[in-house]
Amino acid sequence: MQGMALAISASRLCWRRGGEALRPFLISGTQTGHLAHLSAEHYALVMGCYPTENRVVARGAVKPSSESMTHGVIYALDTAVRGVIHVHSPHLWQAAEHLALPMTAADVPYGTPAMAQEVARLFAQTDVRQRGIFGMAGHEDGIVAFGRDLDEAGAVLARNWESLQS
Ligand SMILES: [Zn+2]
């Protein structure tokens, strides 16, 4: 498939501390999008995302992807989600209208608190939860897919991709 995976994350655990629901997730680090194979040292463990403070708390040898906030918001909005894949795909992004993909606003750049709000808006106002995919109008070629695991997120990407070939 054309397009590189720039941030892959997976979450399995969920626990509560005080009134706060925590869903730590593993996410690929910055500057790993060009690597064909990722191993443990290319991942960071994100312990918490605080969009209103523009703050991500993480552990690991690498800095978590700049897209961590977006991933964290999806995990927070839908506890059934356990895998998120962010790709840069000109092919899918340019076909967003044709595919009727839910899209974040064009004036919102990725990795910002505003993007976190935009993703929350999509969950409230569109069928993104059922579709498992959305585009970022303000982040050229930016596509995000998610599912109950990484396989399902990948299958969503493949299905949309294939629908363009027919
Ligand atoms: Zn990106």
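Being a predicted model, the structure only gives us computed values, none of them experimental.

1. Some words on helix α6 (residues 150-165)
- Taking 1.5 Å per residue, 16 residues should reach 22 Å; α6 reaches 23 Å between its end C-alpha atoms and fits that length.
- Where α6 is buried, its residues meet β7 (83-88), α2 (90-94), α3 (96-99), β9 (133-136) and β10 (142-147).

2. Quick notes on the packing of helix α1 (residues 68-77) against helix α4 (residues 113-125)
- Closest axis-to-axis distance for the α1/α4 pair is 9 Å, and the angle between their directions is 35°. With respect to the hand of their crossing, α1 and α4 are arranged in right-handed fashion. Contacts from Met 69, Thr 70, Val 73, Ile 74 and Leu 77 in α1 reach Met 115, Ala 116, Val 119, Ala 120 and Phe 123 in α4.
- Classifying every residue of the contact of α1 with α4 by side-chain character gives nine nonpolar, one polar and no charged.

3. Here we look at α1
- Of all 10 residues making up α1, eight are buried, and the element is well covered by its neighbours.
- Along α1, the positions that sit buried rather than exposed are Ser 68, Met 69, Thr 70, His 71, Gly 72, Val 73, Ile 74 and Tyr 75.

4. A few points about the confidence of the model for the chain
- On average, residues of the chain score 86 in pLDDT, and 87% of them are at 70 or above.
- Averaged over each element, pLDDT in the chain is lowest for strand β2 (residues 15-17) (60) and highest for strand β8 (residues 103-104) (98).

5. Points about unusual backbone geometry
- One non-glycine residue with positive phi stands out, namely Asn 54, at about 55°.
- Mapped onto the elements, Asn 54 comes out in the loop between β5 (43-50) and β6 (55-59).
- Owing to 13 C-beta atoms within 10 Å, Asn 54 belongs among the partly exposed residues under this scheme.
- For Ala 100, which is not glycine, the phi dihedral falls at a positive 55°.
- Inspection of the secondary structure puts Ala 100 in the loop between α3 and β8.
- We classify Ala 100 as exposed; it has 11 C-beta atoms within 10 Å.

Quick notes on the rules
Residues numbered from 1 in each chain as written. Predicted model: local features only at pLDDT ≥ 70, side-chain atom pairs only at ≥ 80, totals over all residues. Helix = DSSP H or I, 4+ residues; strand = E, 2+ residues; numbered from the N terminus. Expected span 1.5 Å × (residues − 1). Contact = placed C-beta atoms within 7 Å. Axes fitted to C-alpha atoms, helices over the stretch in contact; angles between N-to-C directions. Left-handed = near helix turned anticlockwise from the far one by under 90°. Nonpolar A, V, L, I, M, F, W, Y, C, P; charged D, E, K, R; others polar. Buried ≥ 20, exposed ≤ 12 C-beta atoms within 10 Å, placed from the backbone. pLDDT = per-residue confidence, 0-100.

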